[in-house]
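What follows is each chain in one-letter form.
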Amino acid sequence: MPSNSKPKLATLWLSGCSGCHMSLLDNDEALLDLAKNIQLVYGPLVDTKAFPENVDITLIEGAVANYEQAAFLKEVRKHSKILIALGDCAVTGNVPALRNTIKDSANAVLQRAFVENSDKQPLIPTDVPKLLRKVYPLHEVVKVDHYIPGCPPPAGNIAYVLTELLAGKIPIMENKSKYG
Amino acid sequence: MNPKVITIHPVTRIEGHAKVSIFLNDDNSVRDARFQVIDFRGFEKFCDGRPFYEMPSITARACGICPVSHLLASAQACDEVVRVNIPYTAELLRRLIHMGQLIQSHALNFFHLSAPDLLLGMDSEPSKRNILGLAAEYPELARKGIRLRKFGQEIIENVAGKRIHSGDWIVPGGVKVPLNREKRDYLKNNLPEALKVTQETLAMWKNYLPKFEEDIENFGNFPSYYMGLVTHSGGLEHYRGTLRVVAPDGSIMADHLNPQKYHEYIGEASEDWSYMKFPYLKKVGYPEGLYRVGALARLNVASHCGTPLADEELKEFKKLGKDGVVTSTFHYHYARLIETLFCLERTKEILEDSEVLSDNIWAKASVSSSEGVGVAEAPRGTLIHHYRVDKNGLITWTNMIIATEHNNLAFNKAVTQVAKKYVKANKLHEGMLNRVEAVVRAFDPCLSCATHAVGNMPLEVQLVNSEGKVVDRIVR
Ligand code: SF4
């Protein structure tokens, strides 16, 4: 990586609960040290609206639940050197994928919330991104380079992976992480 | 379709992503604005068939920012299903982690998400307008904010074993693990620093307020109803209690409503263009029954806080409004700081309670009711979980009304108000649009909770005149 500019980090939030992002923030004061070595170029914590070109590392929380997310994830893959599935939703589908066992799940979840549980104007919204028939983990949509399991992954594991990658090393997750 | 639509997408630095569309009139003035939520997960359906005691752990995954509030609302609904009164110490510990939850979430909103606008400036360079940019400019302040949030998370970690999604700790009928002395003492020792940071920040904020006069006047400043839990004496409450609704004129419209019967007074409407529903007060109707919840609403409905420092602050705060009702959405920031102070004082009281280390924490019982409702005041407002179970305790139906959803009508009204004031359609600039987003941030919406939303497209704002020609555009 060129020494004159700090490596670029992006974070992305698909169908997840933000707990994985919170776990990143749970590095507390160590965040300030991390900030010295990277440039945070995109994500829910920063104000950039378009995904930048040539991102070095992209951390992705959440599963893929709608068409817009799937299309965007493919775009992000094109512009990211290293793409990491952050947390169980991204790695396995986890909680959002609980709907996959339901018949015609996209319709069934919408029906319950917006029709059965509405007192006024029961209707399924249509002027919104359409839900996919099933919820997918990242690797079923794009190539994933590294996985950080956990719900959420412990803060230290996220820091470890970033530190290793910044040092040009391959993080070893064995005995480090578990699901849940 | 009207070609004159300005879109802000995604809205950043809120908990979740959303989209704002601004609709223009023929004369380029702002007609209307919409706050749209654009993804959906479906907890109310996919929990069908799960054993009821799994619900705290599953539903906490609605939100990584306020998972503890979900745990508590869920556990209370489960307590109802088993029909027990939980032991005193269990309630004390549940209240304690909730204080941690509120402290961390309020600190996150103030320092990590809003301070970049408030201290660096709404028109400051977008690439620096974030917590790391703040750290570069005001390193001491950023460090303090990070440490305050950390203290909130540490309360949760020390009491429940894990900072985020500590669902194993909470059980229907109480909690599973008592608090030990060492952890209690650790928290006690770290409390003074958190208190000091909060008092300093509050003092700083009060000094800053005159600078924001214009924003206060125009940031979602309108009369509305307010709702929140209160204690039996009408004080600030975050865990149990009863609901109070205050009318726009400051009078108490309804008091000590039984939260179990929420559906008698709160209705939910759907709209075609958002994955977040629109709750309204049934008595007033839709959409006029617009009400606000969260820190500002809680301070508007509460007659007092119940702790000495926060009570002093509340008195001063109430003077900002007519009849004790503060109407500007901008003052959510101030209200959150006062609540943080309250939470720290309460934390201290709980840690000093002689029963806090007791191991009488779990009243065990089996399914004895087919229905349960749990209500808590999450950082962002009233949170309702409602379950029905079969005789084996398997879930047959779920309804959740999330704090952020209650504010949905108010978001739309606030966004429209700010857009009308700041978006001058014949000339766009970035800071102007950021103000529209900032009003959303002031509410501190949590869309992870409300459905969870995302969708990151480049922000391109186009201004199209009545002949369909682009006269101005901004990309960021
Ligand atoms: S893995 Fe867990 S913490 Fe992360 S987004 Fe999913 S539910 Fe939330």
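Everything discussed here concerns the structure shown above.
Residues numbered from 1 in each chain as written. Chains lettered and ligands numbered in written order. Predicted model: local features only at pLDDT ≥ 70, side-chain atom pairs only at ≥ 80, totals over all residues. Heavy atoms only, no water.

The partner chain B presents 78 residues to the 59 residues of chain A that form the contact. Here chain A and chain B share an interface that buries about 5800 Å² over both sides, 58% of which is from carbon and sulfur atoms. When the buried surface of chain A facing chain B is broken down by residue, Asp47(A), Lys49(A) and Arg112(A) rank first, second and third, together holding 14% of it. Between the two partners, chain A and chain B, sit seven salt bridges. Put simply, chain A and chain B have 27 residue pairs in polar contact (both at pLDDT 80 or more) between them. Counting only elements with at least two residues in the side of chain A that touches chain B, the list comes to strand 1 (8-13), helix 1 (19-25), helix 2 (30-37), strand 2 (39-42), strand 4 (64-66), helix 3 (67-79) and helix 5 (105-116) of chain A. Here the side of chain A that touches chain B gets six residues from one element, more than from any other, and that element is helix 5 of chain A. Of the residues in the side of chain A that touches chain B, the class split is 33 nonpolar, 14 polar and 12 charged. (Contact = heavy atoms within 4.5 Å. Buried area = accessible area lost by both parts, 1.4 Å probe. Salt bridge = Lys/Arg side-chain N within 4 Å of Asp/Glu carboxyl O. Polar contact = N/O pair within 3.5 Å; in protein donor to acceptor, adjacent residues only side chain to side chain. Helix = DSSP H or I, 4+ residues; strand = E, 2+ residues; numbered from the N terminus. Nonpolar A, V, L, I, M, F, W, Y, C, P; charged D, E, K, R; others polar.)

Next up on the list: the site of the ligand. What surrounds the ligand is a group of 14 residues, the closest being Cys17(A), Cys20(A), Cys89(A), Cys151(A) and Arg61(B). For the shell around the ligand, the secondary structure elements donating two or more residues are helix 1 and helix 4 (88-92) of chain A. (Near = heavy atom within 4 Å.)

Assignment of secondary structure puts Asp215(B) in helix 8 (residues 213-218). Those residues within four positions of Asp215(B) in sequence are excluded, and the remaining contacts are Met122(B), Ser328(B), Phe330(B), Tyr422(B) and Arg435(B).

One pass over the structure, following the stated rule, counts 36 salt bridges over all chains. Ionic pairing is found between Asp48(B) and Lys45(B), a salt bridge with its closest N-O pair at 3.5 Å. Arg50(B) is the partner of Glu54(B) in a salt bridge, and the nearest nitrogen-oxygen pair spans 2.9 Å. Connected via shared salt-bridge partners are Asp26(A), Asp28(A), Arg149(B), Glu157(B) and Arg163(B).

Residues and elements named next belong to chain A. When the terminal C-alpha atoms of helix 3 are compared, their 19 Å separation across 13 residues agrees well with the 18 Å that a helix rising 1.5 Å per residue should span. Three or more residues of helix 3 are buried, namely Gln69, Ala70, Phe72, Leu73, Val76 and Arg77. One side of helix 3 holds all its buried residues, which, seen down the axis, span an arc of 170 degrees. Each element contacted by the buried residues of helix 3 is listed here: strand 1, strand 2, strand 3 (55-61), strand 4, strand 5 (80-86) and strand 6 (131-136). The N-terminus of helix 3 is capped by Asn66, whose side-chain oxygen sits 3.0 Å from the backbone nitrogen of Glu68. (Expected span 1.5 Å × (residues − 1). Buried < 20%, exposed > 50% of the residue type's maximum accessible area, 1.4 Å probe, protein only. Arc of directions from axis to C-beta.)

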